[in-house]
Amino acid sequence: MKAIESIPDRKLLLFKSCMVGQEYPGVETATRYVFDRLGVDYCINDEQSCCTGIGHYTDVFEGLTTTAIAARNFAVARKCGYPNITCLCSTCYAINKEACELLNTNTEVRDKVNSIFIEKGFDDLVYEKGDMNPRTNFYHAVEILLSKVGKIQEEKKFDFSGIRAAAHHACHYYKVKYLDVVGNPENPQLIDTIAEACGASPVRWYEDRTLTCGMGFSQLHLNKSTSLQVTKTKLDSLQRAGVELMIHMCPNCHIQYDRYQPVIEKEFGVEYDMVHMNIAQFVALSLGADPYKVCGFQTHSVPLEGFLEKTGII
Amino acid sequence: MTDGTTDGLDKAAVFICHCSGNISEHVDIDAVKKTLKAEGISVFDYEYLCSSQGQSLIKNKILEGNLDRVVIGSCTPSKHGTLFKKCVQETGLNRGGLEIANLREQCAWVHPDRTGATEKALSLLRAKLKRLENIEPLEEIKVDIAQQALVIGGGIAGITAALNLADNGISTFLVEKDSSIGGQMAKIGKIFSPDKLAEECAMCSLSPLMNEVAAHPKISLLTWTEIESLSGSAGNFMVRLKKKPRYVKDSCTACGRCSRVCPVPVEDEFNCGYMDKKAISLRFSQSVPKIYCIDPDYCLQLNGEACGKCATACKTGAIDFSQKEEIIELNVGAVIVATGFEEYDVSQKPQYGYGIFENVLTQMELARIMGINGPTKGELLRISDFSKLSNAPKSATCTSGCESSSDHSSDNSSGAETPKRIVMIQCVGSRDEKEGGNRYCSRYCCMAALKHASLIKKKYPETEITICYIDVRAFGFYENYYRAVQETGVNFVRGRPAEVIEKPDKSLVVRVEDTLNQKIRELPADLVVLSAAMVPSPGTRKIASVLNLSQDESGFIKERHSKLKPVDSSLDGIFVCGTAQSPKDVTDAIAQAGLAAVRARAFITDSPKSLDNEIAAINQLLCTRCGECLKCPFNALSLNESGRVVLDPLICTGCGYCTELCKDGAVQVAGFTKSQLKAEIEGVLEEGDMLGFVNSGIASLTCDNIGNSVLTYPSNVKLIKVPTTLVVGRDLVLHAFKHGASSVLFVEDPPDSPRAEVIYPLTTSHFKKLKEELGDSGSRIYFKKTYVPNTKGLAGTFTSLAREGEMIK
Ligand SMILES: Cc1cc2nc3c(=O)[nH]c(=O)nc-3n(C[C@H](O)[C@H](O)[C@H](O)COP(=O)(O)OP(=O)(O)OC[C@H]3O[C@@H](n4cnc5c(N)ncnc54)[C@H](O)[C@@H]3O)c2cc1C
Ligand code: SF4
Ligand code: SF4
């Protein structure tokens, strides 16, 4: 288990996510806003590339390429002196952590990756065993927020009391590296705890809480009806639990719920009462951030205006 | 310290054993004899010194020659050391006058070259003779043991232990924190048994035992009592107890009138939290002692409201609101911890809905519901229906004067349903590597599930029961029971369920993958029963910390050796049994409790106890009372009222850490004093030898084991046994180098026992410090940790260090 006391707030490389940048840029700006307000020492480095996660899980990139690209990103992090890679996306998190373990333990892979670098004259990218520690150099942004939950509570401007919120923790955060989760991996409570600090009333347990969002990377495109059926199961259960706000921590889940809720409503002839956002957007709102300029809600498919009006933010 | 006989070796003799060729085939005994005789020493040899003829030979020679010191060259002292010790002591010789040279495991068996082996044998014997030049007699240390025992925890394990002790004549105190003894077994209703396909009534077995405890003249029963502290040492523990007030005197006849008039319903911990008890109650109807007890948290009178209804109702005037807490102090020789288990908190698995859905319960709760003294008087009902009924307190309306379950009122006439479909989920919190789970198997729960399934099938044959399991662990004869239950039509699904879901009508669905056919199944259920892991009770955790006992990673009290010392705790004189030690069923708890009683009795009756005399001894003449040695890791040393440093011989392990701390040489370990070790070094070493200082525990066994394993190493490897390498200070190492050692190796025990866990880190830091202090010579000292099977590795180290020595030579 990851101990909450061991989560750093210094030297974090805020690892940009393609899915965030492309679909919900507000998640990144909200995270930066919150980190600034909480006094977290982080940097963003434009030399960092995609982690290949989406491509990897849709069978476009094989493992070696993914690992080589990860090694390159690790070098970027080390060189700028911000070695604690902090991800906005659970897939970046799992991919980087896994690649680091592989580079440390599998000499053959490490040698291959390094020989590619050397051959191409990128000696500065060479990865030596132990350059990064898979347990202590990789975090998800939500863990940083959790470690600052006391400060969030102190600084909050808006109190979301009475809001029935439900959390969807990302599979690639708590199922892939389940021994390295803050708290019980069968019942992660990171989002719930942070949301509660903002005043919301989290529905701590609901049916199918641990079910996937349904995206499954290529599955959304190749097995669309199964994928949407899973998402519907989840939305149905949330509807039964009377949830008005669903909070996630991964742009892929975000897409699946926010972009496809209207699709499901249309295709299955159902209606849902809930809206969606990322936990960083929620914390930002609670600290007083602008819903559009900072949180970027204009890029969402399920409109948030009703929710924002109800809570008195707009 | 000498006995005045420093007159050299004219009254010394050497006895060499042939060990039927084991020694004589490799060592030229005649040559050894000749050499020693030429030096004026009497030498005798015999085919088997350990035989009774061999022993007579030794005894006769001692008496005839009026000998005062003896060296025996034979097999390892760990084999026949005690025998030879006894043998020489029978002649009146102090055992400080006996030395044993290991000519077999550490000479004949490991050095195939006859000349080398013979030379080494000679050096080993010479070293022992040298040691005896200044004989240091060993004093007998004896302590009186308090002739009574304490058993903590009155479950089946504690009851069994107390009865066994008492039946064997030991006065025993049995301390129980609840108001009655009986423990968890009193709750479980029926018990499975290994030899019958039937369930027996738990209370029918337990109740007579509880009554026996109460009636036994040798047992003092202290219920509603907790342990505050324990001090002193093995054989003489001082225990401080806190006896809480019951507010009811012993004149209580348990008529139950008080409880009927008491207006305050409280949660019944015995019945898993049902509101079917009053502020004044018996824990259960067969409670021992059968005296009511007032719960001070809920009693109106005790919380400042005028009530006193019970006092008015009581015909014997037993109610006494003025009772106060009592502190009791006991002096006991031995302690048995039997503080038991509790069920794992299954709400840590929210996917199973415990605490969220009403119809999810644990096996213990099911046991209570099926118990005739339970909240439904044995009727199986859906909890959601039942709790609706029981939520309304029935204080005033309870008129059932029935003595057997006077506190447990219920009225099931109004529409409560018997569940038709029951699903049981096994291994909840057991065999679970996730955070919050336990890796071990809890051993009781497969059988408890089978038992409950069987009981339900007998009473309600229409009920459909499904058990979701990982493996069914019906060990030993229980397999017959498992077979029989299968035949009653209970369903078994192999899979760990993912989730339990509640429907609007409060019925449930269990989602599980049947891993035998890889199909996802949704099992409808009216009740879901979770087989929760067994975890140490809070009382067990508390006692472990009050008594300072080692615990395993899950908090169970750790036994000293899982096979050989299964009931000895990490402290001498404290024993453990039952589920406080590890998950187990009643059968095993009883068997283990019997053993604990035997061990405790043996400990107590061996009084006055003579102690191992190879422990620290303080020379008060040299001691400056600087207090450095009080850093003893076992707290064996302390200052007495007059400021003298004194040793508790029962606590001292003889590790020798204090000898390193004392700058004045005032503390030495008897049998391993600096002068003895220096003498042995001088006697044993030749130029270019490798010298090993070997811990007398595991490390010594490993060295002997090299011989048993037909491995070899060069004969210029010389080994000296020490209590631990902590007694080897800088001066001894320098002495070794001065007398020809090419290198010095410290061979240590691994940190595998509670004692070694403390000592090992001290030895490594001691070694590091020495290495630094020695400067250049520091590169010639080495450290090795050994395990008994690691013979090859150790022989290899010996060989390579010895070769280096030869090269230097
Ligand atoms: C649902 C269920 C069904 C079971 N069915 C069976 C069965 O059919 N057959 C079978 O063989 N086994 C069965 N078992 C297992 C059985 O209950 C245990 O093996 C047995 O009760 C263990 O007894 P114990 O004395 O070790 O512990 P416990 O029964 O837990 O007794 C410990 C006692 O110590 C007391 N105590 C604790 N801490 C302190 C303290 N600090 N100071 C003083 N007193 C203290 C407690 O109050 C308690 O009275 C079942 C278990 C469960 C949970
Ligand atoms: S005084 Fe009243 S509340 Fe207290 S035990 Fe007696 S009857 Fe119950
Ligand atoms: S006894 Fe059975 S249910 Fe209990 S932990 Fe072991 S395997 Fe699981």
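Note that this is a predicted model, so its numbers are computed, not measured.

## Re the overall build of chain B
Okay, step 1: Per the secondary structure count, chain B includes 21 helices and 38 strands.
Okay, step 2: C-alpha atoms of chain B, sized along the principal axes, occupy 105 × 65 × 55 Å.
Okay, step 3: Scored against the burial criterion, the 809 residues of chain B give a buried share of 55%.
Okay, step 4: Taking the contacts inside chain B whose residues are at least 6 apart along the sequence as the reference set, 72% of them involve residues at least 24 apart.

## Digging into the pattern of salt bridges
Side chains that differ in sign of charge can pair as their charged atoms come close.
Residue and element names in this part refer to chain B.
Okay, step 1: Across all of its chains, the model carries 66 salt bridges over all chains by this definition.
Okay, step 2: One salt bridge connects Arg 69 with Asp 68, and the closest N-O pair in it is separated by 2.9 Å.
Okay, step 3: For Arg 69, a relative accessible area of 0% gives the class buried.
Okay, step 4: For Asp 68, a relative accessible area of 17% gives the class buried.
Okay, step 5: For Asp 471, the salt bridge is made with Arg 431, and the minimal N-O distance between the two is 2.6 Å.

## Quick word on the site of ligand 1
Residues and elements named next belong to chain B.
Okay, step 1: In the vicinity of ligand 1 lie 35 residues, with Glu 176, Gln 184, Lys 451, Thr 579 and Val 586 positioned nearest.
Okay, step 2: The separation between an oxygen atom of ligand 1 and a polar side-chain atom of Lys 177 is 3.1 Å.
Okay, step 3: In this structure, an oxygen atom belonging to ligand 1 sits 3.3 Å away from a side-chain N or O atom of Asp 178.
Okay, step 4: Burial of ligand 1 by the surrounding chains reaches 98%, relative to a free accessible area of 1000 Å².
Okay, step 5: Of all the elements in the fold, those that place two or more residues in the shell around ligand 1 are helix H6 (156-167), strand S8 (190-192), helix H10 (363-370), helix H12 (445-459), helix H14 (538-547) and helix H15 (586-605).

## A few points about the site of ligand 3
Residues and elements named next belong to chain B.
Okay, step 1: With respect to spatial proximity, the complete set of residues near ligand 3 consists of Gln 426, Cys 427, Ser 430, Arg 431, Cys 441, Ser 442, Arg 443, Cys 445, Cys 446, Asp 471 and Arg 473.
Okay, step 2: When contributions to the shell around ligand 3 are tallied by element, the ones reaching two or more residues are strand S21 (421-428) and H12.
Okay, step 3: Here the residues of the shell around ligand 3 are counted per class, giving four nonpolar, three polar and four charged.

## Here's the deal with helix H7 (residues 202-215) of chain B
Residue and element names in this part refer to chain B.
Okay, step 1: Between its first and last C-alpha atoms H7 spans 20 Å; for 14 residues at 1.5 Å apiece the expected length is 20 Å, and the two agree.
Okay, step 2: Buried residues of H7: Ala 202, Met 203, Leu 206, Ser 207, Met 210 and Val 213, and no others. Taken end-on, H7 shows its buried residues confined to a sector of 120 degrees, consistent with a single buried face. Turned more than 90 degrees off the buried face of H7, the exposed positions are Cys 204 and Ala 215.
Okay, step 3: Against H6, strand S7 (171-175), S8, strand S9 (199-201) and strand S10 (219-222) lie the buried residues of H7.

## Structural notes on unusual backbone geometry
Okay, step 1: B:Val288 connects to B:Pro289 through a cis peptide bond whose omega is 0 degrees.
Okay, step 2: Residue position: B:Pro289 is located in the loop between strand S15 (280-281) and strand S16 (293-294).
Okay, step 3: The backbone phi angle of A:Thr52 is positive, close to 80 degrees, even though this residue is not glycine.
Okay, step 4: For A:Thr52, the position within the fold is in the loop between strand S2 (42-43) and helix H3 (53-57).
Okay, step 5: One non-glycine residue with positive phi stands out, namely A:Asp208, at about 65 degrees.
Okay, step 6: Take A:Asp208: it is sitting in the loop between strand S6 (201-202) and helix H11 (218-222).
Okay, step 7: Its relative accessible area of 4% is what places A:Asp208 among the buried residues.

## As for the interface of chain B and chain A
It is common to give the size of an interface as the accessible area lost on bringing the parts into contact.
Okay, step 1: Contacts between the two partners involve 12 residues from chain B, matched on the other side by 13 residues from chain A.
Okay, step 2: In this structure, the connection of chain B to chain A is made through four salt bridges.
Okay, step 3: Two residues, B:Lys349 and A:Glu186, come together in a salt bridge whose shortest N-O distance is 2.2 Å.
Okay, step 4: For the pair chain B and chain A, the interface holds seven residue pairs in polar contact (both at pLDDT 80 or more).
Okay, step 5: Class assignment for the residues of the side of chain B that touches chain A results in three nonpolar, two polar and seven charged.

## A closer look at the domain arrangement of chain A
All names here are of chain A.
Okay, step 1: The assigned domain composition of chain A is domain 1 (8-139) and domain 2 (154-311).
Okay, step 2: Inter-centroid distance (C-alpha atoms) of domain 1 to domain 2 is 25 Å.
Okay, step 3: Counting from both sides, the interface comprises 28 residues of domain 1 and, opposite them, 32 residues of domain 2.
Okay, step 4: Between domain 1 and domain 2, the buried area comes to about 2600 Å², and carbon and sulfur atoms account for 61% of it.
Okay, step 5: It is Tyr 24, Arg 37 and Ser 90 that lose the most area in domain 1 upon contact with domain 2, and together they represent 25% of the buried surface on that side.
Okay, step 6: If you look at where domain 1 meets domain 2, you find six salt bridges.
Okay, step 7: Between Arg 259 and Glu 23 there is a salt bridge, with the nearest N and O atoms lying 2.9 Å from each other.
Okay, step 8: Taken together, the links from domain 1 to domain 2 amount to 12 residue pairs in polar contact (both at pLDDT 80 or more).
Okay, step 9: The greatest single-element share of the side of domain 1 that touches domain 2, amounting to nine residues, is contributed by helix H2 (residues 25-38).
Okay, step 10: Among the residues making up the side of domain 1 that touches domain 2, the classes are represented as 15 nonpolar, seven polar and six charged.

## Quick look at the state of the cysteines
Working definition of a disulfide: a covalent bond connecting the sulfur atoms of two cysteines.
Residues and elements named next belong to chain B.
Okay, step 1: Evaluated as defined, the whole model comprises zero disulfides over all chains.
Okay, step 2: The closest cysteine sulfur to the non-disulfide-bonded Cys 50 is located on Cys 17, 5.9 Å from its own sulfur.
Okay, step 3: Under the relative-accessibility criterion, Cys 50 is labelled partly exposed at 28%.

## As for the domain arrangement of chain B
All names here are of chain B.
Okay, step 1: On domain assignment, one finds that chain B holds domain 1 (1-138), domain 2 (143-242 + 326-340 + 537-610), domain 3 (245-324), domain 4 (348-396 + 414-534), domain 5 (611-669) and domain 6 (671-809).
Okay, step 2: Each of domain 2 and domain 3 was reduced to a C-alpha centroid, and the two centroids are 28 Å apart.
Okay, step 3: Counting from both sides, the interface comprises 15 residues of domain 2 and, opposite them, 12 residues of domain 3.
Okay, step 4: Interface of domain 2 and domain 3: buried area, both sides summed, is about 1200 Å²; carbon and sulfur atoms make up 60% of it.
Okay, step 5: Area buried by domain 2 at its contact with domain 3 is led by Ser 179, Lys 187 and Trp 224, which between them contribute 40% of it.
Okay, step 6: One can count two salt bridges joining domain 2 with domain 3.
Okay, step 7: Across the pair Lys 187 and Glu 269 runs a salt bridge, and its minimum N-O distance is 3.7 Å.
Okay, step 8: There are six residue pairs in polar contact (both at pLDDT 80 or more) connecting domain 2 and domain 3.
Okay, step 9: Of all the elements, H7 adds the most residues to the side of domain 2 that touches domain 3, at five residues.
Okay, step 10: Here the residues of the side of domain 2 that touches domain 3 are counted per class, giving seven nonpolar, five polar and three charged.

## Quick word on the nonpolar core
Residues and elements named next belong to chain A.
Okay, step 1: One finds Phe 74, Leu 145 and Phe 282 to be the most contacted residues of the largest nonpolar core, which totals 106 residues.
Okay, step 2: Mapped onto the domain boundaries, this core takes at least three residues apiece from domain 1 (8-139) and domain 2 (154-311).
Okay, step 3: Apart from the residues within four sequence positions on either side, Phe 74 is in contact with Ile 85, Asn 96, Ala 99, Cys 100, Leu 103, Tyr 127, Met 132 and Phe 138.

Cut-offs and rules
- Residues numbered from 1 in each chain as written.
- Chains lettered and ligands numbered in written order.
- Predicted model: local features only at pLDDT ≥ 70, side-chain atom pairs only at ≥ 80, totals over all residues.
- Heavy atoms only, no water.
- Helix = DSSP H or I, 4+ residues; strand = E, 2+ residues; numbered from the N terminus.
- Buried < 20%, exposed > 50% of the residue type's maximum accessible area, 1.4 Å probe, protein only.
- Contact = heavy atoms within 4.5 Å.
- Salt bridge = Lys/Arg side-chain N within 4 Å of Asp/Glu carboxyl O.
- Near = heavy atom within 4 Å.
- Polar contact = N/O pair within 3.5 Å; in protein donor to acceptor, adjacent residues only side chain to side chain.
- Areas by Shrake-Rupley, 256 points an atom, 1.4 Å probe, with all protein chains shown as cover.
- Nonpolar A, V, L, I, M, F, W, Y, C, P; charged D, E, K, R; others polar.
- Expected span 1.5 Å × (residues − 1).
- Arc of directions from axis to C-beta.
- Domains from an automatic or database assignment.
- Buried area = accessible area lost by both parts, 1.4 Å probe.
- Disulfide = S-S within 2.5 Å.
- Core = buried A, V, L, I, M, F, W, Y, C linked by side-chain atoms within 4.5 Å.

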